[in-house]
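Here's the letter readout for the chains.
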Amino acid sequence: MPPTATAELAVGTPVVSTVAMRGVPEGTGGKVIHVQGLSWIRYWVWFDNGLRVGTLGRNKLATTAEWERRHDVVTAVPGTVAAATGDESAGAVSGDVGGVPGYLLERSKAARARFAAKKG
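This structure is a prediction, so every number in the text was calculated from the model and none was measured.

Enquirer: Even after reading the chapter, I still don't get the overall build of the protein chain, so can you show me in this structure?
Expert: Scanning the protein chain from N- to C-terminus turns up three helices and five strands. When the helices and strands of the protein chain are placed in sequence order, the string is β-β-β-β-β-α-α-α. In the protein chain, which comprises 120 residues, the share counted as buried stands at 27%. For the protein chain, the share of sequence-separated contacts (at least 6 apart) that also reach a separation of at least 24 residues comes to 34%. Accessible area of the protein chain: about 8,200 Å², with a carbon and sulfur share of 59%.

Enquirer: Would you explain the sheet that holds strand β1 (residues 14–17) in this entry?
Expert: The pairing of strands in a sheet comes from backbone hydrogen bonds and takes either a parallel or an antiparallel form. Spatially, the five strands line up as an open sheet ordered β4-β3-β2-β1-β5, and their pairing is antiparallel. The strands lining the two open edges of the sheet, one partner per strand, are β4 (52–56) and β5 (61–63). Geometrically, the sheet is characterised by an average inter-axis angle of 40 degrees between neighbouring strands, direction not taken into account. Examined bridge by bridge, β1 and strand β2 (residues 29–36) share three bridges and lie antiparallel to one another. Across the sheet, V15 pairs through a bridge with G30, a residue of β2.

Enquirer: Honestly, the pairing of β4 in this entry has me stumped. Any pointers?
Expert: Every other side chain in a regular strand lies on the same face of the sheet, so the side chains alternate between the two faces. Two strands pair when backbone bridges link them, and strand β3 (residues 42–47) and β4 are joined in this way by three bridges, in the antiparallel orientation. Paired with V45 across the two strands is V53, which belongs to β4. Hairpin connection of β3 to β4: four residues between the antiparallel strands, including G50 at a positive phi of 95 degrees.

Enquirer: It is not clear to me how the nonpolar core should be interpreted in this structure. Could you clarify?
Expert: Nonpolar side chains in soluble globular proteins tend to end up buried together. Grouped together as the largest cluster of nonpolar side chains are 12 residues: L9, V15, M21, V24, V32, I41, Y43, V45, F47, V53, L56 and L61. Elements with a contribution of two residues or more to this core: β3 and β4. With three residues, the single largest contributor to this core is β3. If we ignore the near neighbours within four places in the chain, the residues touching V53 are V24, Y43, W44, V45 and F47.

Procedures and definitions
- Residues numbered from 1 in each chain as written.
- Predicted model: local features only at pLDDT ≥ 70, side-chain atom pairs only at ≥ 80, totals over all residues.
- Heavy atoms only, no water.
- Helix = DSSP H or I, 4+ residues; strand = E, 2+ residues; numbered from the N terminus.
- Buried < 20%, exposed > 50% of the residue type's maximum accessible area, 1.4 Å probe, protein only.
- Contact = heavy atoms within 4.5 Å.
- Areas by Shrake-Rupley, 256 points an atom, 1.4 Å probe, with all protein chains shown as cover.
- Pairing = 2+ DSSP bridges.
- Axes fitted to C-alpha atoms, helices over the stretch in contact; angles between N-to-C directions.
- Core = buried A, V, L, I, M, F, W, Y, C linked by side-chain atoms within 4.5 Å.

Limitation: the analysis is restricted to geometry and does not speak to function.
So this is what it looks like as structure tokens:
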């Protein structure tokens, strides 16, 4: 993943989450609603899915232009995700689960089955 720019964000700047957080999938758009800190800047963001998340570092946020550039780089090289993870099903996305990659859904399903077998 290309590094995120270090420029500070202003209140009202449209942003995109660059990592998955609790309740906020990677790629979710939002808007900066508060900036705090002097030398260690943190942001409060109101995401498009209705959640407000605070104390986010700049490394977890990208401007929409940065996100589009990152997306262009990934789609320009077919199989980038599969090559990085070593899993050919990594590119598969289930449309009804909010964009979660298929290999993660299968991994979760297998883990639930193992847990159920141990429990019962």
